[in-house]
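The residues making up each chain are set out below.
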Amino acid sequence: MTTFVDRVELHVAAGNGGHGCASVHREKFKPLGGPDGGNGGRGGDVILVVDQSVTTLLDYHHSPHRKATNGQPGAGDNRTGKEGQDLILPVPDGTVVLDKDGNVLADLVGQGTTFIAGQGGRGGLGNAALASARRKAPGFALLGEPGEARDVIMELKTVADVALVGYPSAGKSSLISVLSAAKPKIADYPFTTLVPNLGVVTAGSTVYTIADVPGLIPGASQGKGLGLEFLRHVERCSVLVHVLDTATLESDRDPVSDLDVIEAELKQYGGLDDRPRIVVLNKIDIPDGQDLADMIRGDLEQRGYQVFEVSAVARTGLKELSFALAKIVAEARAAKPVEEATRIVIRPKAVDDAGFTVTYDEAAEVYRVRGEKPERWIRQTDFNNDEAVGYLADRLSRLGVEDQLMKAGARAGDAVAIGPEDNAVVFDWEPTMMAGAEMLGRRGEDHRLEAPRPAAQRRRDREAERDEAQQEFDEFNPF
């Protein structure tokens with residue numbers, strides 16, 4: 001049974017915003033109570049939060065679909081709908097969030113670090129909030145916006161100072177068990193370690209973490225064995241420790257060739273060339289192992305490696321190794337820039353930025369309007385309510401959409417689409433004029449929408465002229 005997962009695809013859906021309410025205050029002896037429809041509540045967000053007590057993404061492997069609660073609709077008497085509850089998802093320290101294309105959205109390191117994976121939808125305004133001097137008693141309200149829904153990929157990269165790498169059965173698990181209090185699974189067969197093990201080591205005044213990465217084999221960077229799944233766990237380390245088996249029973253292997261193979265795999269994986277290396281010759285408690293270590297130590301030191309001979313079973317050479325690692329970790333920490341408090345940078349949009357674009361799609365013969373505000377207004381509009389549609393037309397006109405359509409060459413009756421191509425609202429454009437309160441009819445109606453289209457009006461005029469001509473002909477020709 002799977003107990004450790006370090007890569008999952010998560011499907012998140014934030015809560016939808018509640019609809020606004022269209023209501024008129026009714027009370028005895030107050031015939032003109034006015035609008036009192038409340039606003040809808042905001043939808044809940046989906047938030048990823050780093051929790052040190054979580055060490056795996058297993059929960060999201062079994063339950064990859066997560067949704068926050070919706071906001072409640074508004075009600076009469078100016079009652080605002082209840083906001084949706086945010087969905088808090090705890091993730092391990094070192095989780096990287098990516099989109100479907102592999103672009104990094106967030107790198108979550110440090111207790112309490114948060115990332116909003118799905119933004120909750122805004123609640124719609126009630127008719128009380130929409131009332132103005134021009135529209136004293138709106139007969140409509142705005143709809144709540146749908147919450148953001150998207151797929152993200154989460155990858156766990158272990159946050160450790162030291163990473164132990166090497167062939168299967170090289171003794172990495174035994175080494176971490178004697179250097180720290182970690183108790184990994186240890187056995188005399190390959191691929192005993194199926195998940196990264198973390199341990200905490202104290203050497204003098206320095207405390208650092210050490211990770212045991214599952215065994216690597218030739219072709220690990222291309223997916224052979226377990227290497228591709230766990231090479232990401234060494235990306236954050238400050239030092240790489242090559243654990244070489246000096247007592248291997250395989251005749252076609254030796255510690256130097258093992259080192260060359262692992263280095264080749266790390267180079268193909270990329271991003272680890274700047275990390276210092278240390279070589280550990282393990283299992284010197286075996287006579288043949290000590291003899292082989294003596295033979296190859298000089299060759300390794302000539303390559304520039306710092307070499308340590310240890311025995312995890314006999315617990316020899318561990319103190320020197322521990323303090324050497326502590327020194328490298330301390331130097332790496334001192335070389336890092338001092339972390340400063342995050343500065344909040346506000347970049348307001350330029351005052352002449354319209355916030356939308358108008359283009360002509362020749363293939364579909366439609367003018368496309370794309371922009372944050374027009375698309376949001378479309379989602380908030382109840383197209384079953386004529387007054388709401390008229391309010392949308394006024395908002396688009398004030399934003400300058402009509403002016404841009406005219407500059408783009410649009411004429412009355414041309415098709416206009418607002419929104420993405422796969423989910424756009426398409427309508428026949430008719431230039432409008434700003435409406436005053438005296439032009440509006442009963443609540444929920446807008447007589448501008450009842451005006452006939454120009455083509456239909458011209459057809460009716462021609463029919464009226466023919467009827468009038470026929471009537472005159474009948475008067476002069478009684479027979």
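Refer to the structure presented above.
A brief structural summary. This is a predicted model, so every value here is computed, not measured.

### Quick notes on helix α5 (residues 255–269)
No. 1: Given a rise of 1.5 Å per residue, 15 residues ought to cover 21 Å, and the 21 Å separating the end C-alpha atoms of α5 matches this to within 8%.
No. 2: Turning to α5, its buried residues are Pro255, Val256, Asp258, Leu259, Ile262, Glu263, Glu265 and Leu266.
No. 3: Packed against the buried residues of α5 are β9 (162–165), β12 (239–245), β13 (277–282) and α6 (287–302).
No. 4: Between the side-chain oxygen of the N-cap and the backbone nitrogen of Val256 there are 3.1 Å, and the N-cap of α5 in question is Asp254.
No. 5: One or two residues past the end of α5 sits Gly270, with phi positive at roughly 85 degrees.

### Examining the environment of Leu240
No. 1: Within the secondary structure, Leu240 sits in strand β12.
No. 2: Separated by 29 residues in sequence, Leu240 and Ala211 have C-alpha atoms that sit 9.9 Å apart.
No. 3: Other than its neighbours up to four places away in sequence, Leu240 contacts Ala163, Val165, Val234, Leu266, Leu272, Arg275, Pro276, Arg277 and Ile278.

### Structural notes on α6
In an α-helix, one turn spans 3.6 residues, which is why side chains three or four residues apart end up on the same side.
No. 1: The terminal C-alpha atoms of α6 lie 24 Å apart, and with 16 residues this matches the ideal 22 Å at 1.5 Å per residue to within 8%.
No. 2: Of all the bends in α6, the largest measures some 35 degrees and sits at Ile296.
No. 3: Those residues of α6 not exposed but buried are Gly289, Ala293, Ile296 and Leu300.
No. 4: Buried residues belonging to α6 abut β12, α5, β13 and β14 (306–309).
No. 5: Looking one or two residues beyond α6, the residue adopting positive phi is Gly304, at roughly 100 degrees.

### As for the pattern of salt bridges
No. 1: Within the structure shown, the criterion is met by 23 salt bridges.
No. 2: One network of salt bridges, in which partners are shared, links Arg42, Asp45, Glu83 and Asp86.

### Describing the packing of α5 against α6
No. 1: At a minimum axis separation of 10 Å, α5 and α6 run at an interaxial angle of 45 degrees. Considering their axes alone, α5 and α6 lie oblique with respect to each other. When α5 is examined against α6, the residues Pro255, Val256 and Leu259 are found in contact with a partner set consisting of Leu292, Ile296, Asp299 and Leu300.
No. 2: Looking at side-chain class alone, the contact of α5 with α6 contains six nonpolar, no polar and one charged residues.

### A word on the sheet that holds β14
No. 1: One open sheet holds the six strands; their spatial order is β10-β11-β9-β12-β13-β14, and the pairing between them is mixed. Pairing within the sheet leaves two strands with one partner each, and these edge strands are β10 (197–203) and β14. When strand polarity is set aside, the average angle formed by the axes of neighbouring strands in this sheet is 25 degrees.
No. 2: Alignment of β10 against strand β11 (residues 206–212), held across seven bridges, turns out to be antiparallel. Counterpart to Leu198 in the pairing with β11 is Ala211.
No. 3: Packed on one face of the sheet, helix α3 (residues 172–179) meets β9, β10, β11, β12 and β13 and runs near 155 degrees to β11.
No. 4: Packed onto the sheet, α5 meets β9, β12 and β13 and runs at close to 145 degrees relative to β12.

Conventions we followed
Residues numbered from 1 in each chain as written. Predicted model: local features only at pLDDT ≥ 70, side-chain atom pairs only at ≥ 80, totals over all residues. Heavy atoms only, no water. Helix = DSSP H or I, 4+ residues; strand = E, 2+ residues; numbered from the N terminus. Expected span 1.5 Å × (residues − 1). Buried < 20%, exposed > 50% of the residue type's maximum accessible area, 1.4 Å probe, protein only. Contact = heavy atoms within 4.5 Å. Polar contact = N/O pair within 3.5 Å; in protein donor to acceptor, adjacent residues only side chain to side chain. Bend = angle between axes of the 7 residues up to and from the residue. Salt bridge = Lys/Arg side-chain N within 4 Å of Asp/Glu carboxyl O. Axes fitted to C-alpha atoms, helices over the stretch in contact; angles between N-to-C directions. Parallel < 35°, antiparallel > 145°, perpendicular 65-115°, else oblique. Nonpolar A, V, L, I, M, F, W, Y, C, P; charged D, E, K, R; others polar. Pairing = 2+ DSSP bridges.

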